[in-house]
Amino acid sequence: MQNPPPAQPAKSSGIGGLEPKVAAALSYIWIVGLIFYFIEKENRFVRFHAMQSIIFGIANFVIMFALAILAIILTFAFGIGGAIVGGGIGTLVSMLVWLVWLIFWLLALAFLAGLIFAAYKAYQGQKFKLPIIGNMAEKIVDK
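Per chain, residues are indexed from 1 in the order of the written sequence. A pLDDT threshold of at least 70 governs which residues receive local features in this predicted model, and a stricter bar of 80 or more applies before side-chain atom pairs are shown or counted, although totals over entire chains, interfaces and linings include all residues. As a rule here, side-chain values come from all non-hydrogen atoms in the structure, and water together with hydrogens is ignored.

### Here's the deal with the overall build of the protein chain
Strands here mean DSSP runs of E at least two residues long; helices mean DSSP runs of H or I at least four residues long; both are numbered from the N terminus. Each helix and strand in the protein chain was counted, giving five helices and zero strands. In sequence order, the secondary structure elements of the protein chain are arranged as α-α-α-α-α. Whether a residue is buried, partly exposed or exposed follows from its accessible area with a 1.4 Å probe, protein chains only, as a fraction of its type maximum: under 20%, in between, or over 50%, in that order. Taking all 143 residues of the protein chain together, the buried fraction comes to 34%. The long-range share in the protein chain, meaning contacts at least 24 apart out of those at least 6 apart in sequence, stands at 62%. The accessible surface values rely on the Shrake-Rupley method and a 1.4 Å probe; as for residues, cover is taken only from the protein chains in view. Element-wise, carbon and sulfur atoms account for 75% of the exposed surface of the protein chain, whose accessible area totals about 9,200 Å². Residue contacts follow a heavy-atom distance rule, with two residues in contact if any of their heavy atoms lie within 4.5 Å.

Dropping the structure here:
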């Protein structure tokens, strides 16, 4: 007796026949999420994750850009000031600049970890909402 063929997973309507959970996970590559959001018209799961990716990408860019500008300004201002003053105060100022850059890179890693985690949850088929961003994405998709 032959076993029946396995049931085909539900396909996403507008994304070349990708499974919705694969499309949702891939949408966390920012530009892919932007494309998927405009191509996919039917599947709300894919649209939600694509919109969450778009908002996350914009927030990431704005925050990291502002921190980079701040870090560069502090590097030049405090770096030159610390070199002029010298001694213990100069060392303290240099440590402050390094602390700002450390915060920048730790935040970048945290953003990357959040992105990977959200993509993983999407691949599992879960509607995982990132704090604040998830509610915003849900409201936009529900319009």
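### A few points about a nonpolar patch on the surface
The patch calculation keeps residues exceeding 30% relative accessible area without a salt bridge and links them within 9 Å when they carry like charges or within 5 Å when they are nonpolar (Val, Leu, Ile, Met, Phe, Trp, Tyr). Here a salt bridge means any side-chain nitrogen of Lys or Arg lying within 4 Å of a carboxyl oxygen belonging to Asp or Glu. Nonpolar side chains collect at one region of the surface, where Leu-26, Ile-29, Trp-30, Ile-31, Ile-35, Ile-39, Ile-58, Phe-61, Val-62, Phe-65, Ile-69 and Ile-73 lie side by side and expose about 1,100 Å² of accessible area between them. Looking at the nonpolar patch, the elements with two or more residues in it are α2 (30-39) and α3 (44-85). The element contributing the most residues to the nonpolar patch is α3, with six residues. Relative to the helices and strands, Ile-35 resides in helix α2.

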